[in-house]
Amino acid sequence: MKKYNIAVVGATGMVGRTFLKVLEEIKLPVENYYLMASARSAGQKIEFMGKEYIIEELTENSFDRDIDIALFSAGGSTSEKFAPIAASKGVVVIDNSSAWRMDPEVPLVVPEVNPDDIRWNKGIIANPNCSTIQAMVALKPLHDKYKIKRVVYSTYQAVSGAGLAGYQDLENGLKGEAPKKFPHPIAGNCLPHIDSFLPNGYTKEEMKMVNETRKILGDPDIKITATTVRVPVFDSHSESINLEFYNDFDLAELKEVLANAPGIIIKDDPENNVYPLALDAAGTNETYVGRIRRDESVDSGVNLWVVADNIRKGAATNAVQIAQKLIEIWSEN
Ligand code: A2P
């Protein structure tokens, strides 16, 4: 079997380190790995796959060698500059930043949902926003079966989504220290503010959920609104998702549809206090769905509670699964 060469750009960061963990778990046919970050980390040693790797500085010449896939998580401006350079040298970039997501030339992929969009990539494939990814895993099978008319997202997002600095704000805030990353204390608080505010009153995070959902489901007509909230949870995003359908549904059948969909684990036994929890999802690759109940305020609607590890399924796992599919597609020929 052919083996491939993979670069990890941003290997020292929170998502980058999780890329490495997930790559150790999901075995891909790989000959060489190249781990890259900024000049600040060049020369730093990282233990990976039982070997010691030395971090290389990302430069314009980093891709002047036989690299097949580059997993990028080094911020939007790094992706804007370096993803096209890598792509021009024949590398397929799987980019975790928001830089390329809404570019019509760039597929935006959740492997359980729209794997075939990988096929039309022109050298860059975008990994969606963390809160969008887990929602898509749950929405896709329901959209296929009942056709979604409207979505109301309300999110409860972990501080790890704001990187190490977010994590530290919660840790230090619990000891009574003032926040450095967030504009208000996160310990004991909920901040209805993720990313910056836009002229329409929504935040960028909220509009990412709106626009990325339409792109991934391939349906520009779905009506969507979102309120995204940072909560004092270290890992895993939780989401209340309210859906309205065009078609009628039977609740037992809808639960079956979700249970049979790829990437989902149902946790829905409220009598026994069983429902998806952030603490249970942390460190896993699946999306958990529960509190599945009819929305009695509309003709055909349902409420869901959807939880996943935002750094794993919401970022690193999804990107590595895209790489896995890409290799499967290459192997078809
Ligand atoms: P470094 O550790 O050298 O700063 P996080 O999202 O946790 O802040 O991590 C960001 C990742 O992106 C880190 O690995 C960081 O490397 C990397 N990074 C940031 N800026 C650049 C850059 N200009 N070139 C390459 N890597 C970068």
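Residues numbered from 1 in each chain as written. Predicted model: local features only at pLDDT ≥ 70, side-chain atom pairs only at ≥ 80, totals over all residues. Heavy atoms only, no water.

1. Overview of the sheet that holds strand E1 (residues 4-9)
Item 1. Read from one edge of the open sheet, 6 strands run E5-E2-E1-E6-E7-E8, paired in parallel fashion. At either margin of the open sheet sits one strand with a lone partner, and together these are strand E5 (56-57) and strand E8 (124-126).
Item 2. Direction of pairing for strand E2 (residues 30-37) relative to E5: parallel, over a ladder of 2 bridges. Within E5, the position partnered with Ala-37 by the bridge is Glu-57.
Item 3. Strands in contact with helix H8 (residues 312-332) are E1, strand E6 (69-72), strand E7 (92-95) and E8; relative to E6, the strand with the most contacts, it is inclined by about 165°. (Pairing = 2+ DSSP bridges. Helix = DSSP H or I, 4+ residues; strand = E, 2+ residues; numbered from the N terminus. Contact = heavy atoms within 4.5 Å. Axes fitted to C-alpha atoms, helices over the stretch in contact; angles between N-to-C directions.)

2. Digging into the site of the ligand
Item 1. Near the ligand you find 13 residues, and of these Thr-12, Met-14, Ser-38, Arg-40 and Ser-41 are the closest.
Item 2. The contact in question runs from an oxygen atom of the ligand to an N or O atom on the side chain of Thr-12, over 2.5 Å.
Item 3. In this structure, an oxygen atom belonging to the ligand sits 2.4 Å away from a side-chain N or O atom of Ser-41.
Item 4. With the chains in place, 66% of the 570 Å² that the ligand exposes on its own is no longer accessible.
Item 5. Taken together, the residues of the shell around the ligand sort by class into 5 nonpolar, 7 polar and 1 charged. (Near = heavy atom within 4 Å. Polar contact = N/O pair within 3.5 Å; in protein donor to acceptor, adjacent residues only side chain to side chain. Areas by Shrake-Rupley, 256 points an atom, 1.4 Å probe, with all protein chains shown as cover. Nonpolar A, V, L, I, M, F, W, Y, C, P; charged D, E, K, R; others polar.)

3. Overview of the pattern of salt bridges
Item 1. Enumeration over the complete set of coordinates arrives at 17 salt bridges.
Item 2. A cluster of three or more residues bridged by salt bridges with shared partners is formed by Asp-116, Arg-119 and Glu-332. (Salt bridge = Lys/Arg side-chain N within 4 Å of Asp/Glu carboxyl O.)

4. Considerations on the nonpolar core
Item 1. Counting residues in hydrophobic clusters, the biggest one holds 55 residues, and the most contacted among them are Phe-63, Leu-139, Tyr-153, Leu-243 and Leu-304.
Item 2. For this core, the element with the highest residue contribution is helix H3 (residues 130-146), accounting for 8 residues.
Item 3. Two domains each donate at least three residues to this core, and these are domain 1 (4-128 + 315-332) and domain 2 (131-310).
Item 4. Filtering out sequence-adjacent residues up to four positions away, Phe-63 remains in contact with Ala-7, Val-9, Met-36, Leu-58, Ala-70, Phe-72, Phe-82, Ala-86, Lys-89 and Val-91. (Core = buried A, V, L, I, M, F, W, Y, C linked by side-chain atoms within 4.5 Å. Buried < 20%, exposed > 50% of the residue type's maximum accessible area, 1.4 Å probe, protein only. Domains from an automatic or database assignment.)

5. Topic: the sheet that holds strand E10 (residues 223-230)
Item 1. Across the sheet, 6 strands lie side by side as E10-E9-E11-E14-E13-E12; this open sheet has mixed pairing. The outermost strands of the open sheet, each flanked by one partner alone, are E10 and strand E12 (264-266). For this sheet, the mean inter-axis angle between neighbouring strands, taken without regard to orientation, is 20°.
Item 2. Direction of pairing for strand E13 (residues 287-294) relative to strand E14 (residues 301-308): antiparallel, over a ladder of 6 bridges. In the strand pairing of E14, Arg-293 is matched with Asn-303.
Item 3. Contacts from H3 reach strand E9 (148-157), strand E11 (237-245), E12, E13 and E14 within the one sheet, and its direction differs from that of E11 by about 25°.

6. Thoughts on unusual backbone geometry
Item 1. You will see that Met-49, though not glycine, has its phi angle at about 55°, which is positive.
Item 2. The residue Met-49 is located in the loop between strand E3 (45-48) and strand E4 (51-54) in this model.
Item 3. For Met-49, a relative accessible area of 32% gives the class partly exposed.
Item 4. In this model, Asp-195 sits at a positive phi of 70°, which is unusual for a non-glycine residue.
Item 5. With respect to the helices, strands and loops of the structure, Asp-195 is situated in the loop between helix H4 (163-174) and helix H5 (204-217).

7. Quick word on the domain arrangement of the protein
Item 1. Split by domain assignment, the protein resolves into domain 1 (4-128 + 315-332) and domain 2 (131-310).
Item 2. Residue-level contacts link 17 residues of domain 1 with 19 residues of domain 2.
Item 3. Taken over both partners, the interface formed by domain 1 and domain 2 buries close to 1,500 Å², and the fraction arising from carbon and sulfur atoms is 67%.
Item 4. Broken down residue by residue, the surface that domain 1 buries against domain 2 is led by Met-14, Glu-112 and Val-113, which jointly contribute 38%.
Item 5. At the boundary of domain 1 and domain 2, one finds 1 salt bridge.
Item 6. The tally of links between domain 1 and domain 2 comes to 6 residue pairs in polar contact (both at pLDDT 80 or more). (Buried area = accessible area lost by both parts, 1.4 Å probe.)

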